[in-house]
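# Observations on the three-dimensional arrangement
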Amino acid sequence: MSSGETTEAGAARIVRDVVCGFCGLGCDDIEVSVAGRVVTPRKACADAARLLARGDAPPPSPRVNGAPASLAEAASAAAAHLKAARSSVFSGLGADLEGLRRLYDIAMVAGASIDHSASGGLFANLDRLARRGWIAATLAEVRNRCDLLVVFGDDPAASFHRLFERIMPVRTGEGGDAAPLFAPSGRRVVMIGAPFSDASRKVLAGHELSEILLPPEQVATAAALLASALAGRDIGAVDVLSGTAGASLAELADLLRAARYSVFTWNAATLPQADAAAVASSASEAVDLLSPTTRAAVLPLGGRDNVTGAHQLALWRFGYPLRTAIGAGTARHAPDLYATAAALKDGDLLLHASAFRPDPAPEFSAGPVIALAHPDTSFAREPDVFIPVGTPGVDHPGHVFRMDSVVCLPLQGLRPAELPSLAEAASAILANLGRGA
Amino acid sequence: MRKRVTGGRVFDPANGIIDQVRDVVLEDGRIIADPGPGGSEEVVNASGCIVLAGGIDLHSHIAGGKVNLGRLLMNEDRALFPEPFGDFCGCGGGRAAPTTHATGCRYSQMGYTAVFEPAVVGANARHAHLEMADIPNIDTGGFLVLGNDDFLLRLIAMGEGQQAINDYVAWMLKATQSCAIKIVNPGGINAFKFNGRNLDLDEAGPFYELTPRRILNTLQRAVTELGVPHPIHLHGCNLGIPGNVKTTLATMGATEGFPLHLTHIQFHSYGTEGDRHFSSGAAEIAEAVNAMPHISVDVGQIMFGQTVTASADLMSQYRNHSIADPKKWIGMDIEMDAACGVVPFNYRDTSFVNALQWAIGLELFLLIEDPWRVYLTTDHPNGGPFTSYPHLIRLLMDKPFRDHHLRQIHKAARSHTRLESISREYTLEEIAVVTRAAPARTLGLKDRGHLGPGARADVVLYEDQPDREAMFAHPRIVMKDGEVVVVNGEIVALTEGRTYAVHPPSDPLMDKRLERWFDEAVGLKSSHYQIADGEIRGGQGPEIVELKP
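Residues numbered from 1 in each chain as written. Chains lettered and ligands numbered in written order. Predicted model: local features only at pLDDT ≥ 70, side-chain atom pairs only at ≥ 80, totals over all residues.

By the naming in an unreviewed UniProt entry, chain B goes by Formylmethanofuran dehydrogenase subunit A and is assigned to Xanthobacter aminoxidans.

Before going further, it helps to examine the overall build of chain A. The secondary structure content of chain A amounts to 14 helices and 21 strands. The dimensions of chain A, computed from C-alpha atoms along their principal axes, are 65 × 55 × 35 Å. When burial is assessed residue by residue, chain A has 61% of its 437 residues classed as buried. (Helix = DSSP H or I, 4+ residues; strand = E, 2+ residues; numbered from the N terminus. Buried ≥ 20, exposed ≤ 12 C-beta atoms within 10 Å, placed from the backbone.)

When its secondary structure is counted, chain B shows 19 helices and 26 strands. Taking 549 residues into account, the globule formula puts the C-alpha radius of gyration at 24 Å, and chain B, at 22 Å, falls close to it. Counting only C-alpha atoms, chain B reaches 70 × 60 × 45 Å along its principal axes. A buried classification covers 64% of the 549 residues belonging to chain B. Within chain B, counting contacts between residues at least 6 apart in sequence, those at least 24 apart form 76% of the total. (Rg over C-alpha atoms; globule rule 2.2 N^0.38 Å. Contact = placed C-beta atoms within 7 Å.)

Residue and element names in this part refer to chain A. Reading across from one edge, 6-5-19-18-17-7-8-15-16 is the order of the nine strands in this open sheet, with mixed pairing throughout. With partners counted over all chains shown, the strands left at the sheet margins are strand 6 (67-68) and strand 16 (330-333), one partner each. Here strand 18 (residues 369-373) pairs with strand 19 (residues 385-388) via four bridges, running parallel. Each residue of the ladder has a partner; that of Ala371, found in strand 19, is Phe386. Packing against the sheet, helix 2 (residues 71-84) makes contact with strand 5 (63-64), strand 7 (88-94), strand 17 (349-354), strand 18 and strand 19, and its axis sits at approximately 135° to strand 19. (Pairing = 2+ DSSP bridges. Axes fitted to C-alpha atoms, helices over the stretch in contact; angles between N-to-C directions.)

Turning to helix 1 (residues 65-73) of chain B, a few remarks are in order. The buried fraction of helix 1 of chain B is high, at nine of nine residues. Among the residues of helix 1 of chain B, those classed as buried are Gly65(B), Lys66(B), Val67(B), Asn68(B), Leu69(B), Gly70(B), Arg71(B), Leu72(B) and Leu73(B).

Here the focus is the UniProt feature "domain: Amidohydrolase" (unreviewed entry) in chain B. According to UniProt, the positions carrying the feature "domain: Amidohydrolase" (unreviewed entry) are residues 42-492 of chain B. As a span, residues 42-492 of chain B carries 36% helix and 20% strand, and end to end its C-alpha atoms are 17 Å apart. (UniProt positions renumbered as here; feature names shortened; annotations may be inferred.)

Turning our attention to the pairing of strand 23 (residues 483-487) of chain B. Residues and elements named next belong to chain B. Inspection of the sheet shows strand 22 (residues 477-480) paired to strand 23 by four bridges, in the antiparallel sense. Note that in strand 23 the partner of Ile477 across the bridge is Val487. The loop that links strand 22 with its antiparallel partner strand 23 comprises two residues; one of these, Asp481, has a positive phi angle of about 50°. Direction of pairing for strand 23 relative to strand 24 (residues 490-491): antiparallel, over a ladder of two bridges. Bridged to Val487 within strand 24 is Glu490. Between strand 23 and strand 24, which pair antiparallel in sequence order, lie two residues; one of them, Asn488, sits at a positive phi of approximately 50°.

Our focus in this paragraph is the sheet that holds strand 2 (residues 9-12) of chain B. All names here are of chain B. Taken together, seven strands build an open sheet; the order of strands is 3-2-7-21-22-23-24 and the sheet is mixed. Of all the strands in the sheet, just strand 3 (17-21) and strand 24 have a single pairing partner and so form its edges. Taken together, the two bridges between strand 2 and strand 7 (residues 49-53) define a ladder with parallel strand orientation. By the bridge assignment for strand 7, Val10 is matched with Val51. The strands that helix 16 (residues 428-443) touches are strand 2, strand 3 and strand 7; relative to strand 7, the one it contacts most, it runs at about 30°.

Across the boundary between the two partners, chain B contributes 49 residues, which contact 55 residues of chain A. Mapped onto the side of chain B that touches chain A, the elements with two or more residues apiece are helix 1, helix 2 (75-80), helix 4 (125-133), strand 18 (330-334), helix 18 (508-522) and helix 19 (526-529) of chain B. Of the residues contributing to the side of chain B that touches chain A, the split by class is 19 nonpolar, 16 polar and 14 charged. Two elements, strand 9 (residues 135-137) of chain A and strand 18 of chain B, share three bridges in a ladder whose sense is parallel. Bridge assignment links Ala136(A) to a residue of strand 18 of chain B, and that residue is Met332(B). (Nonpolar A, V, L, I, M, F, W, Y, C, P; charged D, E, K, R; others polar.)

This part takes up the environment of Arg63(A). Tracing the sequence through the fold places Arg63(A) in strand 5. A C-alpha to C-alpha distance of 18 Å links Arg63(A) and Thr391(A), two positions 328 residues apart in sequence.

The subject of this paragraph is the domain arrangement of chain A. All names here are of chain A. According to the domain assignment, chain A consists of domain 1 (63-118 + 305-392 + 416-432) and domain 2 (122-302). Relative to domain 2, the C-alpha centre of domain 1 lies at a distance of 36 Å. Between domain 1 and domain 2, the residue contacts involve five residues of the former and five residues of the latter. Taken together, the residues of the side of domain 1 that touches domain 2 sort by class into four nonpolar, one polar and no charged. (Domains from an automatic or database assignment.)

Our next topic: the nonpolar core. Ranked by internal contacts, the top residues of the largest apolar core, which has 345 residues, are Ala222(A), Leu226(A), Val51(B), Val169(B) and Ile181(B). Looking at which domains feed residues into this core, each of domain 1 (63-118 + 305-392 + 416-432) and domain 2 (122-302) of chain A supplies at least three. (Core = buried A, V, L, I, M, F, W, Y, C linked by C-beta atoms within 7 Å.)

Attention shifts here to helix 4 (residues 119-129) of chain A. Every α-helical turn comprises 3.6 residues, leaving residues that sit three or four positions apart pointing alike. Taking burial as the measure, the 11 residues of helix 4 of chain A include nine buried ones, the bulk of the element. Listed as buried for helix 4 of chain A are Ser119(A), Gly121(A), Leu122(A), Phe123(A), Ala124(A), Asn125(A), Leu126(A), Arg128(A) and Leu129(A).

This next bit is on the pairing of strand 19 of chain A. All names here are of chain A. Where burial is concerned, the two faces of strand 19 agree: the one with Val385 and Ile387 and the one with Phe386 and Pro388 are both buried. Bridge analysis of strand 5 against strand 19 gives two bridges, and the strand direction is antiparallel. Bridge assignment links Arg63 to a residue of strand 19, and that residue is Phe386.

Residues and elements named next belong to chain A. Where helix 2 meets helix 14 (residues 422-432), the axes come as close as 8 Å, and the angle between the chain directions of the two elements is 60°. Relative to helix 14, helix 2 is oriented oblique. The two elements helix 2 and helix 14 meet at a crossing, and its hand is right-handed. Side by side, helix 2 and helix 14 meet where Leu71, Ala72, Ala75, Ser76, Ala78 and Ala79 of the first sit next to Ala425, Ala428, Ile429 and Asn432 of the second. (Parallel < 35°, antiparallel > 145°, perpendicular 65-115°, else oblique. Left-handed = near helix turned anticlockwise from the far one by under 90°.)

In terms of backbone geometry, most residues other than glycine have negative phi values and most peptide bonds are trans. Look at the link from Ala179(A) to Pro180(A): it is a cis peptide, with omega at 0°. Phi at His264(B) is positive, roughly 30°, even though this residue is not glycine. Within the element layout of this structure, His264(B) appears in the loop between strand 13 (260-262) and strand 14 (270-271).

Once that is clear, we can look at the packing of helix 4 of chain A against helix 10 (residues 273-290) of chain A. Residues and elements named next belong to chain A. Between helix 4 and helix 10, the shortest axis-to-axis distance is 8 Å and the interhelical angle comes to 40°. In terms of their interaxial angle, helix 4 and helix 10 are classed as oblique. Crossing geometry of helix 4 relative to helix 10 is assigned as right-handed. Contacts between helix 4 and helix 10 involve Gly120, Gly121, Ala124, Asn125, Asp127 and Arg128 from the former and Gln273, Ala276, Ala277, Ala280, Ser281 and Ser284 from the latter.

As a further point, take the environment of Met336(B). Note on placement: Met336(B) falls in the loop between strand 18 and strand 19 (338-347). Distance in space between the C-alpha atoms of Met336(B) and Ile285(B) is 33 Å, their sequence separation being 51 residues. With residues up to four places along the chain from it excluded, the contact list for Met336(B) reads Ala140(A), Glu141(A), Asn144(A), Asp149(B), Asp150(B), Ala521(B) and Val522(B).

Written out as structure tokens, the structure reads:
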């Protein structure tokens, strides 16, 4: 079964329990009204509302060299470019699993490197996860067990609006099924870095909130010091941090030792890039140090535009994460070479896939550009082939992974599918490459 | 097109046919009664071959989140074992945690046509199914992990009746499109979330104060009353702990008459005798299995070399993480359902413990008398990669070969095993039972594991050779649903598999109850947790296994 409980409201249809595939948090209680092509969000966070809303404009047609073309013509032109290219770069990869499967099929047939536009944070985290590992928890575990949440960096609600509502609800009433089932209803949340936003303070009212305020460039040092304190070192006298942060971290270490299930969270995508991997490592280290006597886990935030799904699919198909070159029967994983920006330096074709939002394609002038993209995408340079595609969860169904890598969610189409899905567009290209989908 | 497989020695123990030269006739994906000569048919020459049904592995971790975490940790293994070039290359590879395409091809190349993922965590079931759909040439199914899920433990702790439990189990099986229930360390994974570090069979766990015995019995009753063909598939308490043989024997005695399958029993057959306080409990376990017809086991043989262990049993994996090799590991508490722990291991024949584990597995295979109640597994990849099955088969069939390998292992381990004194060699008939007929029977797959009329036309021709490892590694021909997919051990075609599930009915009131649970406790809509039939294999839907009356 899937979402889409609907009721008629005049000419508009109300659709409840819509699943959202945009930021990675995977909220599935969104409400919209749909009338013909028009989608109007009724209950959604600001980002989801903006990305779900649709007007009555008829879908644009594909274009080849700027001129309108049929899907078949555009697919044939795209295939011709792919056949001629020797070093194709697939970027964006903002697609549901169905679209990604077909894109990876193209990469296998035509040869290409693959990377996702939101993989920066993922790779900072993989620096720890793939090399050393960690102990993590999924959203529902945090929601029900976490009695002490430590947040590194900026208030994550800026990127994941409903994060605190989802993972740190305040129990209303006693008994029943209401979360948290295993944590006190007043829990402790500590920000290390920026302060809580006013909105977050409101959501978290009822919990005990504290802040260790630091400039962004000191967050990684604070995370390392916290791990040191948990390792038993005296950090009270260390004065590399502003103000009394050292002493506050030492106190936090004591609270963590006494906590029953503490959780460390960070958004690697918004931390200073050089520091994100260090924060992931220190947070994981802190969990390792706590685990002999109590329970603790990390909750790395991320997952925009199904980057988690792109990562998972690459692992099960090729045995490697993203930033891998596929083709001629092999897969070569070299993150330094195949991150989009690096790959484009040596690339001779760019295929940009972005079905969730009108993100611009990366700058590229050394060869043809194929865009399988949101119809509202504006281009600095007209792509050689542009196939406007529908958005999973708006125009057609699909599957996306939630940020915790465990839960895979079914998206539902909300309005009549007039645009091809990215999977359909990619299948049409594949057929021109001599491979049925 | 009708196919006639002719001139081969047929081993079809489910139909009482042992080593008879006879024809097997295939049509429209099924085996049919021999209509006699005439009509147009393609003749497949099986002379010099033995003819078996397609192999069935009922316990192999091939898909889902923990396997993907294994792939992430095993990048060197992946690089060492790329898929071979050619028309059927999937750009993947790996041996300990192979990619989906490589998994299907390697199984198919050994003559296997069905493989079951034995640890699907409910919250991750959709992922597991998407991955299984990407595995060519084999049919699949998943066993749902229950017994540590908070909803169930609450039901039991609140004293709800068996009917409510049954409704919940039925609901979960259908929601996750699974075909059996697996219990991993009953109550133990949940206890670890409350910082419990051990949980023995009759010890009450934290919070719910339930014993593993009670959880086990409750779920045994549920699957029996629902008519799920496969009994509870149990990964018991105290995995890997010296002395756990006592717990395992107690567990076998705790079944209240219900059938029980104990999985990877090798890891649960350890004593504490000798100067190293680690000894084989295989004889006691085998004796108990021999005496209890309601017990079946799979072995979980360990094979020397690099692998990765992937288990829902985070309590045990946390205990083991310090011996990770290479030194990295991943743990995860999962969504009020279960957990997972992924720890790379390198089993060495020069290690006393590993060598004795190897011997214990073989002792179990050889001392358990009834081949219908012991299935051939390495608990892939936990005991070793499934690609080692041909080697394992030779160890079972060839006493001099076994003794040769026994002489290579750690000296002290040799003196701790009675393996050398066991003269039994598996026969071809017994191999056909432990890799085909018996797993099909316990899973309730009436049209698999045999070559009688109506069976799926999964037929394998192995050239009879004295080197049983070479023989089982490279079948002359493998047919899947009647189509030739492997010739002389090489892939010649790719086909799509199917997914098995059971759909026992549940009271609609359980829908309401779970709606509230998912809304309030989990924070996800129950409607989005449930996997629709149309989501299985891109719209193909599941193949429903018939319930027992």
